[in-house]
Amino acid sequence: MTFITLRDSLTAHRGLTTPVVWALVALALWLLLPLGRPGRAFFPLNYDFHAFALPPGFYWLVPVAAVAIWLLQTTRLISMDRISDWQAALALSAAGGVIFFLFGTGTHFGWGALGTVLALLVSAGSALSSNSRIRGDTFVGASVFIALVFVTVFIVFPLLLVLRTAVWIDGTLTLSQFARTFASPLFLFLDNPFTEISEMGRVTTMIWIGAVTGAGLSVWRTGRIALSWRMIRPIVIWTLSGMAIGWALGIMIWGRGALPSSLLVACIAAPGGTALGFALALLGQRTRSKPLRGMLSVVSVLPFITPPFVIGFAIIFLLGRRGMVTYDLLGISPIDNPLYGIPGVALSQILGLAPVAYLILRGSLNGLNPALEEAARTLGASRWRVFCDITWPLVRPGIAASMLLATIESISDFGTPLVLGGDRNFLATEVFLALTGRYSQPEAAVYGTVLLAIVALVFVGSRVVLGAQGFTTVTGKPASGAFLPLPVWFEAILTAVALFWFVFILALYLTIFYGSFVQLWGINNTLTFQHYREFWQVGWPVLWYTIKLSAASAVPAMMLGGLIAYLVTRHRFLGRSYLELGSLLSFATPGTVMGLAYILAFNDGALLMTGTSAVIVLALVFRNMPVAIRASMAGLSQIDRSLEEASSTLKAGSGVTMVKVLAPLLLYPLLAGLIFAFVSAMTSVSQVIFLVGAGNNLATVLLLSWVEQGRLGRAAAMATVMIFGLLALILLLLVVSRRVDVRNSKKGMK
Amino acid sequence: MKFKQTFLASTIVTGLMPFGAVIAQDGGQVNVVCVVSEWCDAMKAPFEAATGYRMEYLNLRSNESLVRLRAESSNPTFDVFYGGTGDPHLVGFNEGVTEFYRPANYEELNEQFRNAIGETYLPLYANPIALVVNPQVLEDAGAPMPESWADLTNPAYRGLMGMADPNSSGTAYTVIATLVQLLGEEEAFELLAGMHQNMAEYTQSGSGSLGPVGQGELGIGVIFMASAVRDKAMGFPIEIVVPSEGTGYEIGGISLVANGPNPEGGKAFIEYALSVEGQELGNAAEQLQIKANVNATQAEGTPDLSAINVIDYDFATYGDPELQGRLIARWTNEIFPVPRR
């Protein structure tokens, strides 16, 4: 009660607007808390690092800024009602300057500095919210600012440091490391003097074939030739793309090295995984067999909850040179076994990517309106016609999305090539090996840059090919009718594929469980609990610590992800595409590159954190935030804006609307985002492998070192515990989702 | 209303401020980056009891450890770099990431090891290169047991051999340097070209061929001996062969990290690790490398340097990054791309 009257009296006074209140908060934090900290530790508070105790410096800009904001507001030099661009720019550069100088002092930020910076950000954000480029209320303004700063500090800035490492060598700006890496046979090896054929010649031929095909296609598409720029431009573009594709195909077939290997595997695994995922999704949606549907939804989550490396080993035990299937069953000679290299990596990735594709395509298939297919059938179209003309065009965006995701995941995959790559190099592992095998930070940075460039190219390419077309067929009204069942023979084929896949996956997991109970996997098959005892002693404390850190990272990942999803889908503001780009970067950047970036960025200066759990948590937050963004976006897209309009008509601000209207409706997507962020934090390895510290080890990194020491039984035991634990969690989520669905549909009935 | 709104924004933000337990740096703790993790497991309790320090360690591969130490060099979190092959210790010393510390019992350390590496890092153990063989696999293929480096070019071993890639592993470079010192560069590369024809694949990790040989995927692997001795004791059906021409070895090291958070603790740890007691703790943990402290009892099964034909490995010459870079580049350009028949 008193709080409300206090607040009313505060806000009633014209001078005490939101920005002023937050400027005062910044001032208070600056006065009350120590600005810096002596070393890595945030606790205990050390008042030797209070602003008054430090030598005079830029810290004094903070009270100056706070007082300035207060003065400007009370004297109405800045009106809250409409802030022009130049006023905004001025205020922004002032706030930016304060923060910049605070960072520039080199003081390790303590609670005082962190709190002050955040409060100043909120103050500036809410002050600028009425500017036409943000177009929101104070909540939106403040959130936009904070999201932008977080994305900059924890995603963009570390990555820029990596790029700088690639071109800034020994104090000079140079492209020499790029030249050296591109010339290295580890990157791309074309002109092999030891082979009969001339690889270079063949690739050149491929480029010419590509050029001719591209030009031909473009002419064929337009149907005529005329000498005008409008006609020539597409011909040039098509010819050049044809040449690029010809070159890529050529190096994939005849070249060796990391670039062709990674491209080739992506070209096999992405379509393969998507095709398998599509088959499973189609089956899951339309099959008449209930157990099949249940099986699909359970098995499809397995790859997400499986710690890396373990599946690779299971594949070796089944399909390796002495594998149970390949050697014992099929009798393939160990020398002729093709597993290691491209086939093994591609196979393993297809298994891992199919469920990802399944989930995406399941979503886009469920988004179809059955009435469309029914109408087409009623009008006399054949099933095949219906599929070609109705279903396929509508799921095409889903297919493209899944191809894009699968390509990116395949290229940045780290664990699989490490286990199954044989002597082929891959880009994502080469980042790691350049660092750890050749001690070369610049070379690792160059590989990282190449990976980023490829990912960007794939992304842009998919945008160009697909365009920004939307295919929403579900309206707010409940869709009626059921989907057409599949033709019997087709369902039989799909079921066979699904069953084969299911049996294979099951065999892989059984191999792991079995491996955790036998003395010496593959050699001595005496049953034993020894590995579990060892796991309990050595592994459990680390696993428990990993669980705590993952949980600590999942909550902020979900909150920040939800907030960004809300801002990006519901508001138009300057910097929106930057937020999208940032979250894309954090997801698409190979983990090893991100890990390197975090070491470079947070080993010194204001945000000194390396070696602490804080840096691991932050790395996991920003790595897994995109998962939460996607989950929340999917949920948001299904909520009609009229609800929010109603809320804001009733004078609720967007913050209140978000918490009171959207969040309850988004309960399930947010929960799913939370759980998936937790799960992927538990199983991620490449981004934390450089960040773990003494007494700060994580389960996956421990697993890797056991695998390298040949302690496969113990590794299998820990993997088994993790798989069952995470599976239980996901099943719980499925149960909850069903209850939420029921509740929602009951509401809908009223 | 507006104030309430931003208050909401700020609660979301504070929810975003993850902070967890931070490693204590109260001077009572020694942070060790540890390559030989089982040895560290065994060291923890006795070291803490003997010195009163707390010990925390992180297990990394040897090269990775150097990368970590180097990346953190402006603000190190570790005090000691413990174990792992000599090259990263040497590079670390040359770059100033680690510094030389002379322990009280320096004279007790094997003189041959000390002289080989000079005052750069401290010798912790030695570990010879050897062939690890799965006799059953060779028998199935009708191939004889190998006895020498020269035997490895025998076409009977086609597709049965594994070795690490020198571009990613120090082990493989040690093999190349050993052969060059044994045979001269030209003959060594001829031998490597012959071995190349028999390779199933080059692995990324130095001991990458040990597991496959134990599992019967491969017949012969070229690796450091100690882990093979341990695996044999664990029950894998493998044999260890020291090539008759002689073989090279690594000198595993221990280094004090420069400007570490707790230098006194780091020094105490090094003293303890090189003491008879600390060295013998490795035996219990199945660390079968040759311990550097001459007074320490060697574990049963430890290779005996005097019994095997070990070459006088020139660490100074072959540890030089320039020569190393040239030999690896030569291998990468002349051996690796040759198609296998």
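### Description of the overall build of chain A
- The helix and strand inventory of chain A stands at 30 helices and four strands.
- Taken over the C-alpha trace, chain A has a radius of gyration of 28 Å; the compact-globule value for 750 residues is 27 Å, and the two agree within 12%.
- Along the first, second and third principal axes, the C-alpha set of chain A runs to 85 × 70 × 65 Å.
- Here chain A, with 750 residues, has 55% of them falling under the buried criterion.
- Within chain A, contacts between residues at least 6 apart in sequence are counted, and of these 76% link residues at least 24 apart.
- About 32,700 Å² of surface is accessible on chain A, with carbon and sulfur atoms providing 70% of the total.
- Across chain A, the mean location of the 49 positive side-chain charges is 9 Å away from that of the 28 negative side-chain charges.

### Here we look at the packing of aromatic side chains
- Applying the stated rule across the entire model yields 33 aromatic pairs over all chains.
- Ring geometry for phenylalanine 278 of chain A versus tryptophan 392 of chain A: centroids 6.1 Å apart, planes at 70°, classification edge-to-face. Residue phenylalanine 278 of chain A is found in helix α10 (residues 258–286), and its partner tryptophan 392 of chain A is found in helix α17 (residues 383–412); the two are separated by 114 residues along the sequence.
- Take tryptophan 392 of chain A: its relative accessible area is 33%, and that puts it in the partly exposed class.
- Between phenylalanine 47 of chain B and tyrosine 53 of chain B, the aromatic rings sit 6.5 Å apart at their centres with planes inclined by 5°, giving stacked as the arrangement.
- On the basis of relative accessibility, which here comes to 0%, the residue phenylalanine 47 of chain B falls in the buried class.
- The rings of Trp39, Phe47, Tyr53, Tyr82, Tyr125, Phe269 and Tyr272 of chain B are connected pair by pair, giving a single aromatic cluster.
- Geometry around tryptophan 706 of chain A places arginine 714 of chain A over its ring, the cationic atom sitting 5.1 Å from the centre.

### Examining the domain arrangement of chain B
All names here are of chain B.
- On domain assignment, one finds that chain B holds domain 1 (29–126 + 250–301) and domain 2 (127–249 + 320–335).
- Taken over C-alpha atoms, the centre of domain 1 sits 27 Å from the centre of domain 2.
- Every contact between the two is made by 16 residues of domain 1 and, on the other side, 12 residues of domain 2.
- When domain 1 packs against domain 2, close to 1,100 Å² is buried across both sides, 53% of that on carbon and sulfur atoms.

### Structural notes on the interface of chain B and chain A
- Residue-level contacts link 80 residues of chain B with 86 residues of chain A.
- Interface area, chain B with chain A, both sides summed: about 7,400 Å², of which 61% is carbon and sulfur.
- Taken together, the links from chain B to chain A amount to four salt bridges.
- Linking aspartate 140 of chain B and arginine 322 of chain A is a salt bridge whose minimum nitrogen-to-oxygen distance equals 3.4 Å.
- Counting across the chain B and chain A interface gives 15 residue pairs in polar contact (both at pLDDT 80 or more).
- The greatest single-element share of the side of chain B that touches chain A, amounting to 12 residues, is contributed by helix α1 (residues 2–15) of chain B.

### Overview of the side chain of threonine 165 of chain A
All names here are of chain A.
- For threonine 165, the location among the structural elements is in helix α6 (residues 138–167).
- Here threonine 165 falls in the buried class, since its relative accessible area comes to 14%.
- Ignoring anything within four residues of it in the chain, the contact list for threonine 165 reads Gln441, Pro442, Ala445 and Leu600.

### Regarding the packing of α10 of chain A against helix α21 (residues 488–517) of chain A
All names here are of chain A.
- α21 packs onto α10 with a crossing angle of 115° between their chain directions and a minimal axis gap of 10 Å. In this structure, the crossing between α10 and α21 has a hand that is left-handed. The residues of α21 that touch α10, namely those facing Leu276, Ala279, Leu280, Leu282, Leu283 and Arg286, are Phe490, Glu491, Leu494, Thr495, Val497, Ala498 and Trp501.
- In terms of residue class, the contact of α10 with α21 is made up of 10 nonpolar, one polar and two charged.

### Topic: the state of the cysteines
All names here are of chain B.
- With the rule as written, the count across this model stands at one disulfide over all chains.
- Here cysteine 34 connects covalently by a disulfide to cysteine 40, the sulfurs 2.0 Å from one another. Its S-S torsion of approximately 105° makes the covalent link between cysteine 34 and cysteine 40 right-handed. In this pair, the class of cysteine 34 matches that of cysteine 40, namely buried.

### Some thoughts on the nonpolar core
- In terms of nonpolar packing, the biggest core is built from 225 residues, with Phe154, Tyr598 and Phe622 of chain A touching the most fellow members.
- Here the element with the most residues in this core is α6 of chain A; it accounts for 18 residues.
- Excluding anything up to four places from it in sequence, phenylalanine 622 of chain A contacts Phe150, Phe154, Ile155, Leu560, Ser586 and Tyr598 of chain A.
- Counting residues in hydrophobic clusters, the runner-up holds 80 residues, among them Cys34, Trp39, Cys40 and Val175 of chain B.

### Some details on the pattern of salt bridges
- Per the counting criterion, the structure on display carries 23 salt bridges over all chains.
- In this structure, arginine 321 of chain A engages glutamate 201 of chain B in a salt bridge whose closest nitrogen and oxygen atoms are separated by 2.8 Å. Taken as a pair, arginine 321 of chain A in the loop between α13 (310–319) and α14 (324–329) and glutamate 201 of chain B in strand β7 (residues 199–203) lie in two separate chains rather than in one. Like glutamate 201 of chain B, arginine 321 of chain A is buried.
- Residues glutamate 95 of chain B and arginine 70 of chain B are paired through a salt bridge, measuring 2.7 Å at the closest nitrogen-oxygen approach. Placement of glutamate 95 of chain B in helix α4 (residues 86–95) and of arginine 70 of chain B in helix α3 (residues 62–71) is noted, with a sequence separation of 25 residues between them.
- Beyond isolated ion pairs, a larger network of salt bridges with shared partners links Glu185, Glu186, Arg326, Arg330 and Glu334 of chain B.

### Some details on the packing of helix α7 (residues 170–183) of chain B against helix α14 (residues 321–335) of chain B
All names here are of chain B.
- Between α7 and α14, the least distance of the axes is 11 Å, while the angle of their chain directions is 95°. By the angle class used here, α7 and α14 are roughly perpendicular. Residue-level contacts link Tyr173, Ile176 and Val180 of α7 to Gln324, Leu327, Ile328 and Trp331 of α14.
- Here the residues of the contact of α7 with α14 are counted per class, giving six nonpolar, one polar and no charged.

### Digging into the domain arrangement of chain A
- Taken domain by domain, chain A holds domain 1 (14–133), domain 2 (256–516) and domain 3 (529–750).
- In this structure, domain 1 of chain A and domain 2 of chain A have C-alpha centres spaced 48 Å apart.

### Quick look at the confidence of the model for chain B
Residues and elements named next belong to chain B.
- Mean pLDDT over chain B stands at 87; residues scoring 70 or higher make up 92%.
- In this model, residues 18–25 is a region of pLDDT below 50 whose contacts with residues beyond four sequence positions or in other chains number 18 contacts.
- For this predicted complex, the interface score ipTM comes out at 0.83, while the overall pTM is 0.84.

### Considering helix α19 (residues 427–438) of chain A
All names here are of chain A.
- In terms of residue burial, α19 counts as a mostly covered element, since 12 of its 12 residues are buried.
- Of all the residues in α19, the buried ones are Leu427, Ala428, Thr429, Glu430, Val431, Phe432, Leu433, Ala434, Leu435, Thr436, Gly437 and Arg438.
- Within two residues after α19, tyrosine 439 carries a phi angle of roughly 55°, on the positive side.

### Remarks on the pairing of strand β1 (residues 29–34) of chain B
All names here are of chain B.
- Of all six residues in β1, six are buried; the element is thus mostly enclosed.
- Here β1 shows two buried faces, one formed by Gln29, Asn31 and Val33 and the other by Val30, Val32 and Cys34.
- Taking the sense of rotation as the criterion, the β-α-β connection linking β1, helix α2 (residues 37–51) and strand β2 (residues 54–59) turns out right-handed.
- The pairing of β1 with strand β3 (residues 80–82) spans three bridges and is parallel. Directly across from valine 33, in β3, lies its bridge partner phenylalanine 81.

Conventions used here
Residues numbered from 1 in each chain as written. Chains lettered and ligands numbered in written order. Predicted model: local features only at pLDDT ≥ 70, side-chain atom pairs only at ≥ 80, totals over all residues. Heavy atoms only, no water. Helix = DSSP H or I, 4+ residues; strand = E, 2+ residues; numbered from the N terminus. Rg over C-alpha atoms; globule rule 2.2 N^0.38 Å. Buried < 20%, exposed > 50% of the residue type's maximum accessible area, 1.4 Å probe, protein only. Contact = heavy atoms within 4.5 Å. Areas by Shrake-Rupley, 256 points an atom, 1.4 Å probe, with all protein chains shown as cover. Lys, Arg positive; Asp, Glu negative; His and termini not counted. Charge placed at Lys NZ, Arg CZ, Asp CG, Glu CD. Phe/Tyr/Trp six-rings, centres within 6.5 Å; stacked < 30°, edge-to-face > 60°. Lys NZ or Arg CZ within 6 Å of the ring centre and 35° of its normal. Domains from an automatic or database assignment. Buried area = accessible area lost by both parts, 1.4 Å probe. Salt bridge = Lys/Arg side-chain N within 4 Å of Asp/Glu carboxyl O. Polar contact = N/O pair within 3.5 Å; in protein donor to acceptor, adjacent residues only side chain to side chain. Axes fitted to C-alpha atoms, helices over the stretch in contact; angles between N-to-C directions. Left-handed = near helix turned anticlockwise from the far one by under 90°. Nonpolar A, V, L, I, M, F, W, Y, C, P; charged D, E, K, R; others polar. Disulfide = S-S within 2.5 Å. Core = buried A, V, L, I, M, F, W, Y, C linked by side-chain atoms within 4.5 Å. Parallel < 35°, antiparallel > 145°, perpendicular 65-115°, else oblique. pLDDT = per-residue confidence, 0-100. Right-handed = clockwise from strand over helix to strand, strands pointing away. Pairing = 2+ DSSP bridges.

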